[in-house]
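In case you want the letters, here they are:
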Amino acid sequence: MSKIVNLFCWELRNILFKYTNIISILVLFIIIFTIFILGFGNQTNIIAEINISIIWICFLLSMQLSTANIFDREIIDGLFEQIILSGILIEYYVVIKLLIYWLMTIIPLIILCVIIFFLQDINYVMAKKFIFSMLINSFTLSALCLFGAFLTSCSNKNNFLTPLIIMPLSIPILIIAINMAQNIDANNNLLLISLLIQ
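Residues numbered from 1 in each chain as written. Predicted model: local features only at pLDDT ≥ 70, side-chain atom pairs only at ≥ 80, totals over all residues. Heavy atoms only, no water.

Participant: Where do I start with the packing of aromatic side chains in this structure?
Facilitator: Given two aromatic rings, one states the distance between the centres and the angle between the planes to describe the pair. In this structure the tally under the stated criterion is three aromatic pairs. Taken together, a centroid distance of 6.3 Å and an interplanar angle of 10° make the contact between phenylalanine 29 and phenylalanine 33 stacked. One end of the pair is phenylalanine 29 and the other is phenylalanine 33, both in helix 2 (residues 19-40) and four residues apart, which spans about a single turn. Here phenylalanine 29 and phenylalanine 33 have matching classes, each one buried. Ring centres 5.4 Å apart and planes at 75° place the aromatic pair tryptophan 56 and phenylalanine 59 in the edge-to-face group. Here phenylalanine 59 and tryptophan 56 lie together in helix 3 (residues 44-67), a separation of three residues that amounts to about one turn. Residue class for tryptophan 56 comes out buried when judged on its relative accessible area of 0%. (Phe/Tyr/Trp six-rings, centres within 6.5 Å; stacked < 30°, edge-to-face > 60°. Helix = DSSP H or I, 4+ residues; strand = E, 2+ residues; numbered from the N terminus. Buried < 20%, exposed > 50% of the residue type's maximum accessible area, 1.4 Å probe, protein only.)

Participant: Looking at this structure, how should I read the packing of helix 2 against helix 6 (residues 90-118)?
Facilitator: Geometrically, a packed helix pair is captured by the angle between its two axes and the distance between the axes. Orientation of helix 2 relative to helix 6, taken along the N-to-C sense of each, is 35°, at an axis distance of 10 Å. Considering how the two elements wind past one another, helix 2 and helix 6 form a crossing that is right-handed. Residues Ile22, Ile25, Leu26, Phe29, Ile30 and Phe33 of helix 2 form the contact with helix 6, whose participating residues are Met104, Thr105, Pro108, Leu109, Leu112, Cys113 and Ile116. Classifying every residue of the contact of helix 2 with helix 6 by side-chain character gives 12 nonpolar, one polar and no charged. (Axes fitted to C-alpha atoms, helices over the stretch in contact; angles between N-to-C directions. Left-handed = near helix turned anticlockwise from the far one by under 90°. Contact = heavy atoms within 4.5 Å. Nonpolar A, V, L, I, M, F, W, Y, C, P; charged D, E, K, R; others polar.)

Participant: I tried to follow helix 2 on my own but got confused; where do I start?
Facilitator: Three or four residues apart is the spacing at which side chains of an α-helix point the same way, because the helix has 3.6 residues per turn. Under the 1.5 Å per step criterion, the end-to-end length of helix 2 is 33 Å for 22 residues, consistent within 8% with the ideal 32 Å. Buried within helix 2 we find Ile22, Ile25, Phe29, Ile32 and Phe33. Along the axis of helix 2, the buried residues cluster in a sector spanning 95°; they form a single face. The exposed set on the far side of helix 2, more than 90 degrees from its buried face, consists of Tyr19, Ile35 and Leu38. Where helix 2 ends, the next residue or the one after it, glycine 41, has phi of about 65°, a positive value. (Expected span 1.5 Å × (residues − 1). Arc of directions from axis to C-beta.)

Participant: What should I look at first to understand the nonpolar core in this one?
Facilitator: Generally speaking, nonpolar side chains in soluble globular proteins are found buried as a group. Counting residues in each nonpolar core, the largest one holds 51 residues, and the members touching the most others are Phe29, Ile52, Ile55, Trp56, Phe59 and Phe130. Considering every element that reaches this core, the biggest residue donor is helix 6, with 16 residues. With residues up to four places along the chain from it excluded, the contact list for phenylalanine 29 reads Ile55, Cys58, Phe59, Ser62, Leu109, Leu112, Cys113 and Ile116. (Core = buried A, V, L, I, M, F, W, Y, C linked by side-chain atoms within 4.5 Å.)

What follows is the structure, given as structure tokens:
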């Protein structure tokens, strides 16, 4: 147990030292979101109707790009071999990586999404559902992205293979996440489906 705790602290220190990666992901999200908004021009009524969908798509794209090479350091430095020799299961390390990635990268991204969401004329009930949906479904999407990155970590074409694996799997989660924020009456059933998927 102490080895797992030490590994968690070591991985947490590594990501804190690389805080510029977190900033770059936030900037990337803003750029993608801005491109979407500029693409609609002055059609503010359309933007108001699909703003949640736009935020989720930008969120998924940013997450996908940020996890494409997340296991490169482990492959180059031989960290996986060291973990196996230390007696820790690789599955434990991937879970640790997922938790730290979600806490240190996805939570700031969710905060940015919430800020963008509140800058619009949104009622309190929908805002509360949106935040709840982001917290639940972002963890599932993070797990999917890291799963795809782990599967393709030894491939030279992982930047191409990872989106090919993740995108089809993420579509049902995106549909549920968007509906959880928009369809207030169906939220109980959608929440149950979302939890079952996870």
